[in-house]
Amino acid sequence: ITVFKRYPTAGTSLRLFCKYSANISNLIKFICKGENQNECQHIGNTTNTSMKGRFMMNDNKTNRTITVTLREVTAADSGTYWCG
């Protein structure tokens, strides 16, 4: 697991990148929010790439990278996010 911190300004966009191994390239990937990865709130997955209006998710299978974009960041968006 790679941990990184971001401190965006309210109203701006935030982009997160998650790398994954080749053996899960064809599986559905997801993002969730919460302090505990086993109990986090599901936000969306790669079969639903436009999630909750401000979240977008893209799976680049060539680079094995998930890109998550959050538009118009607010204080309520602060917290821990997990890719899986």
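Naming follows an unreviewed UniProt entry, where the chain appears as Immunoglobulin V-set domain-containing protein of Xenotaenia resolanae. Among the UniProt annotations of the chain, the heading Subcellular location (unreviewed entry) holds the following wording: "Membrane".

Novice: Just checking my understanding: could you explain the packing of aromatic side chains for this structure?
Specialist: By convention here, two paired aromatic rings are described through the distance between centres and the angle between planes. In this structure the tally under the stated criterion is one aromatic pair. Between Phe55 and Tyr81 the ring centres are 6.2 Å apart and the planes differ by 45°, which places this aromatic pair in the tilted class. One end of the pair, Phe55, is in strand E5 (residues 55-60); the other, Tyr81, is in strand E7 (residues 81-83), with 26 residues separating them in the sequence. The exposure class assigned to Tyr81 is partly exposed, which follows from its relative accessible area of 21%. Positioned above the aromatic ring of Tyr20 is the side chain of Lys29, whose terminal nitrogen or guanidinium carbon lies 4.2 Å from the ring centre.

Novice: Help me out: how do you make sense of the state of the cysteines in this one?
Specialist: Using the criterion set out here, one finds two disulfides in the structure. A sulfur-sulfur distance of 1.9 Å marks the disulfide that ties Cys18 to Cys83. Taking the sign of the torsion about the S-S bond as the criterion, the disulfide between Cys18 and Cys83, at about 45°, is right-handed. Taken together, the residues span a long stretch of sequence, with Cys18 in strand E1 (residues 14-19) and Cys83 in strand E7 at a distance of 65 residues. For Cys18, a relative accessible area of 13% corresponds to the buried category. Two residues, Cys32 and Cys40, share a disulfide whose sulfurs are 1.8 Å apart.

Rules and cut-offs
Residues numbered from 1 in each chain as written. Predicted model: local features only at pLDDT ≥ 70, side-chain atom pairs only at ≥ 80, totals over all residues. Heavy atoms only, no water. UniProt positions renumbered as here; feature names shortened; annotations may be inferred. Phe/Tyr/Trp six-rings, centres within 6.5 Å; stacked < 30°, edge-to-face > 60°. Helix = DSSP H or I, 4+ residues; strand = E, 2+ residues; numbered from the N terminus. Buried < 20%, exposed > 50% of the residue type's maximum accessible area, 1.4 Å probe, protein only. Lys NZ or Arg CZ within 6 Å of the ring centre and 35° of its normal. Disulfide = S-S within 2.5 Å.

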